[in-house]
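# Residue-level structure breakdown
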Amino acid sequence: RLSKELIENNYVCYYLFWEKEIQILKNDKYFKNLEQSNIIPIPNKDFPRGKLKSNNSKSKLLHYFAMNYGISYLLSNNLVNEKDILIRTRTDITFDLHELNRILETKMEGIIEGKMLCQYWRKENTRWFIDFIFASNINIMFNLYNKLYINCSNNNDYANSVHQDLIKTLATLYLPKYLIYREGPNNDIDTKTVLKLLNHKIEFS
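Below is a summary of the structure that appears in this document. Here the structure is a predicted model, which is why all the values come from computation and not from measurement.

Scoring rules and cut-offs
- Residues numbered from 1 in each chain as written.
- Predicted model: local features only at pLDDT ≥ 70, side-chain atom pairs only at ≥ 80, totals over all residues.
- Heavy atoms only, no water.
- Core = buried A, V, L, I, M, F, W, Y, C linked by side-chain atoms within 4.5 Å.
- Buried < 20%, exposed > 50% of the residue type's maximum accessible area, 1.4 Å probe, protein only.
- Contact = heavy atoms within 4.5 Å.
- Helix = DSSP H or I, 4+ residues; strand = E, 2+ residues; numbered from the N terminus.
- Salt bridge = Lys/Arg side-chain N within 4 Å of Asp/Glu carboxyl O.

### Digging into the nonpolar core
Counting residues in hydrophobic clusters, the biggest one holds 26 residues, and the most contacted among them are I71, M116, M141, L144 and Y145. If we skip the residues at most four places from it in the chain, I71 touches L86, I138, M141, F142 and Y145. Counting residues in hydrophobic clusters, the runner-up holds 19 residues, among them L6, L34, I39 and F95.

### Topic: unusual backbone geometry
For N10, which is not glycine, the phi dihedral falls at a positive 70°. Residue placement: N10 occurs in the loop between α1 (2-8) and β1 (15-18). Here N10 falls in the exposed class, since its relative accessible area comes to 73%. The backbone of N78 shows a phi angle near 55°, a positive value even though the residue is not glycine.

### Looking at the pattern of salt bridges
Applying the stated criterion across every chain, the model contains three salt bridges. Residue E8 pairs with K4 through a salt bridge whose shortest N-O separation is 2.8 Å. Separated by four residues within a single helix, E8 and K4 lie in helix α1, roughly one turn from each other. Considered together, E8 and K4 belong to a single accessibility category, that of exposed residues. The partner of K60 in a salt bridge is D165, and the shortest N-O contact between them spans 3.2 Å. Highlighted residues: K60 in helix α4 (residues 55-76) and D165 in helix α7 (residues 162-174), separated in sequence by 105 residues. Using a relative accessible area of 1% as the deciding quantity, one classes K60 as buried. Sharing partners across several salt bridges, the network here consists of K60, D157 and D165.

Keep in mind these numbers describe shape, not what the thing actually does.
If you want it as structure tokens, here you go:
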């Protein structure tokens, strides 16, 4: 539904799917309705065990790898050029397309020059945001995800949260690196420690 709406508003949609997902979804009616030539198959990727210390680290690393690969694919196949604006979103995000158009129209000059649009999009409950939408020129978007992928693959993240990691990495494109505080990925607490914490008596004085 989201891509249909975007296409009707003259956006070109490209879809990142893992190769193993394509094999599973190839007969799905919604998948078959997508423009097949705009589907970018992401190679299934295995990382050294030490890089995948937790599910969160794994999700981040796979996400950064897929985006880095996808943008590289667009560039190397001449599907985009330096003047193009790339918007990164997820297919399960709900947002107001008219509002997106309005924001892009008023911010387009800055985005072309190298600024990045970073917008919260909310569901029905306006107290909670579901995810970020990013929009920037193709060079900034590539630099962002390339840096995220390299940092994360070397266990050198800026933050455990994907959203914080994105914002801090984006900041390094514009600010000196020494100004950006690096947290790094969290270490998972083992089951024994969790049980110890749950059984610990908390005393108030």
